[in-house]
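# Overview (structure and organization)
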Amino acid sequence: MPERSSATSRILLVSGSTRAGSTNSALVRTALACAPDGVATVRYGMTGLPYFNPDDDSEPLPPAVVSLRAAVAASSALLFCTPEYAGSMPGALKNLLEWTVGSTVMTDKPVAWVNAAADPRRGHGANDQLATVLGYVQARVVPEACISVPVHHELIGADGLVDDADARAALAGVLGHLVDAAR
Ligand SMILES: Cc1cc2nc3c(=O)[nH]c(=O)nc-3n(C[C@H](O)[C@H](O)[C@H](O)COP(=O)(O)O)c2cc1C
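Residues numbered from 1 in each chain as written. Predicted model: local features only at pLDDT ≥ 70, side-chain atom pairs only at ≥ 80, totals over all residues. Heavy atoms only, no water.

## Thoughts on the overall build of the protein chain
Let me state the cut-off plainly: Secondary structure counts use DSSP, requiring at least four H or I residues in a row for a helix and at least two E residues in a row for a strand, with both numbered from the N terminus. Atoms considered for the radius of gyration are the C-alpha atoms alone. The globule rule reads 2.2 Å times the number of residues to the power 0.38. Relative accessibility decides the category of a residue: with a 1.4 Å probe and only protein chains considered, values under 20% of the type maximum give buried, values over 50% give exposed, and everything between is partly exposed. Note on definitions: a residue-residue contact is assigned when non-hydrogen atoms from the two residues lie within 4.5 Å. All accessible-area figures derive from a Shrake-Rupley calculation using a 1.4 Å probe, and residue coverage is judged against the displayed protein chains alone.
Counting secondary structure elements, the protein chain contains 5 helices and 7 strands. Counted from the first residue to the last, the protein chain has its helices and strands arranged as β-β-α-β-α-β-α-β-α-β-β-α. Against the globule reference of 16 Å for 183 residues, the protein chain gives a C-alpha radius of gyration of 15 Å, in line with a compact fold. Considered along the principal axes of its C-alpha atoms, the protein chain spans approximately 45 × 35 × 30 Å. Within the protein chain, the fraction of its 183 residues that count as buried is 45%. Residue pairs at least 24 apart in sequence account for 82% of intrachain contacts in the protein chain once pairs closer than 6 positions are excluded. Carbon together with sulfur atoms contributes 53% to the accessible area of the protein chain, which is approximately 8600 Å² in total.

## Looking at the packing of helix α2 (residues 63-73) against helix α3 (residues 91-101)
Helix packing geometry: the angle between the two helix axes and the distance between the axes. The cut-off we apply is this: The axes are straight lines fitted to the C-alpha atoms, using for helices just the contacting stretch, and the angles between their N-to-C directions are given from 0 to 180°. Throughout, the term roughly parallel applies to angles under 35 degrees, roughly antiparallel to angles over 145, roughly perpendicular to angles from 65 to 115, and oblique to all others. Side-chain classes are defined by residue name, with Ala, Val, Leu, Ile, Met, Phe, Trp, Tyr, Cys and Pro counting as nonpolar, Asp, Glu, Lys and Arg as charged, and the others, Gly among them, as polar.
Contact pair α2 / α3: the axes reach a minimum separation of 10 Å and the direction vectors enclose 80°. With respect to α3, the element α2 is oriented roughly perpendicular. Along the contact surface, α2 presents Val 65, Leu 68 and Arg 69, while α3 presents Leu 96, Trp 99 and Thr 100. Residues that form the contact of α2 with α3 fall into these classes: 4 nonpolar, 1 polar and 1 charged.

## Some words on the pairing of strand β4 (residues 77-81)
Put simply, the rule is: A pair of strands is considered paired only if DSSP assigns at least 2 bridges between the two. Here is how to tell: hold the view so the strands point away, follow the path from the first strand over the helix to the second, and if it runs clockwise the crossover is right-handed.
Counting buried residues along β4, 5 of its 5 residues qualify, which places the element largely inside the surrounding structure. Burial along β4 is two-sided: Ala 77, Leu 79 and Cys 81 facing one way and Leu 78 and Phe 80 facing the other are all buried. The sheet contact formed by strand β2 (residues 9-15) and β4 spans 5 bridges and is parallel. Opposite Ser 15, over in β4, you have Cys 81 as the bridge partner. What joins β4 to strand β5 (residues 110-115) is α3, and the crossover it makes is right-handed.

## What to know about helix α5 (residues 165-182)
We apply this condition: An expected span of 1.5 Å times one less than the residue number is assigned to each helix. Directions from the helix axis toward the C-beta atoms define the arc.
Taking 1.5 Å per residue as the helical rise, α5 with its 18 residues ought to reach 26 Å, and the 26 Å between its terminal C-alpha atoms agrees with that figure. Listing the buried residues of α5 in full gives Ala 167, Leu 171, Val 174, Leu 175, Leu 178, Val 179 and Ala 181. For α5, the arc enclosing every buried residue in end-on projection is 165°, short of the 170-degree limit, so these residues lie on one face. Set apart from the buried face of α5 by more than 90 degrees, the exposed residues are Ala 165, Asp 166 and Ala 169.

## What to know about the pattern of salt bridges
Filter applied, for reference: Whenever a carboxyl oxygen of Asp or Glu lies within 4 Å of a side-chain nitrogen of Lys or Arg, that contact is scored as a salt bridge.
Tallying each qualifying case throughout the model produces 5 salt bridges. Residue Lys 94 pairs with Glu 98 through a salt bridge whose shortest N-O separation is 2.8 Å. Residue Lys 94 and its partner Glu 98 are both found in helix α3; the two are separated by 4 residues, about one turn of the helix. The partly exposed category is assigned to Lys 94, whose relative accessible area is 28%. Assessed through its relative accessible area of 24%, Glu 98 is described here as partly exposed. One salt bridge connects Arg 140 with Asp 108, and the closest N-O pair in it is separated by 3.0 Å. Remark: Asp 108 occurs in the loop between α3 and β5 and Arg 140 occurs in strand β6 (residues 140-141); sequence separation between them is 32 residues. Relative accessible area serves as the criterion here: at 33%, Arg 140 is assigned to the partly exposed category. For Asp 108, a relative accessible area of 47% translates into the label partly exposed.

## Concerning the site of the ligand
Operational definition: Proximity is defined per residue: any heavy atom of the residue falling within 4 Å of a molecule or strand makes that residue near it. Polar contacts, as used here, are pairs of N or O atoms within 3.5 Å; protein pairs need one atom able to donate a hydrogen and one able to accept it. Residues neighboring in sequence count only if both atoms are side-chain atoms.
Arg 19, Ser 22, Thr 23, Asn 24 and Glu 84 are the nearest of the 13 residues found near the ligand. At 2.6 Å, a backbone N or O of Glu 84 approaches an oxygen atom of the ligand. Between the ligand and Gly 123 there is a distance of 3.4 Å, counted from an oxygen atom to a backbone nitrogen or oxygen. Alone, the ligand offers 640 Å² of accessible surface; in the complex the protein occludes 63% of this.

Here's what the structure looks like:
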């Protein structure tokens, strides 16, 4: 089930990693915890989604797909935090995006991605591929919100949050840019 904070503008947070100790998922949890006033952050967990199959992309849709599309439709903007695997975004994240192609839920939706790689020179293949796929579904990329927030494992506290003031401030800034773009 989605985890959420309370408020008005609603930003859907998606980690591209299914790894338990993921730094990207830690960033998503931290964004939940440090959203500015008036910004509701909702975490979308993609583990229940089936593999995309065009044969199943019609009514009745798989329940997890109905849930995904409803979560996207109800959001003011989306933020992706994702690792890069083999030069591209993880297959699980591409799968999620493929399930949005047959709908219009992403059309004109403000979107951004944050790269948590400890080395900020890495991960650009995933970013480039996100730009391609999100362009295909006609989402509206917010360039000023697409940044690198390097997260070293030792910065993740026992609560699973990123314990670093700079990272938290950067995330708050990203959420602010998305809210502005959604107005
Ligand atoms: C199977 C696999 C493939 C990877 N391929 C790349 C890659 O092509 N380019 C890259 O910059 N990093 C690559 N990485 C490193 C991860 O993207 C990087 O460690 C990331 O920060 C991990 O994020 P996480 O902590 O959210 O899992 C790969 C990691 C794994 C496990």
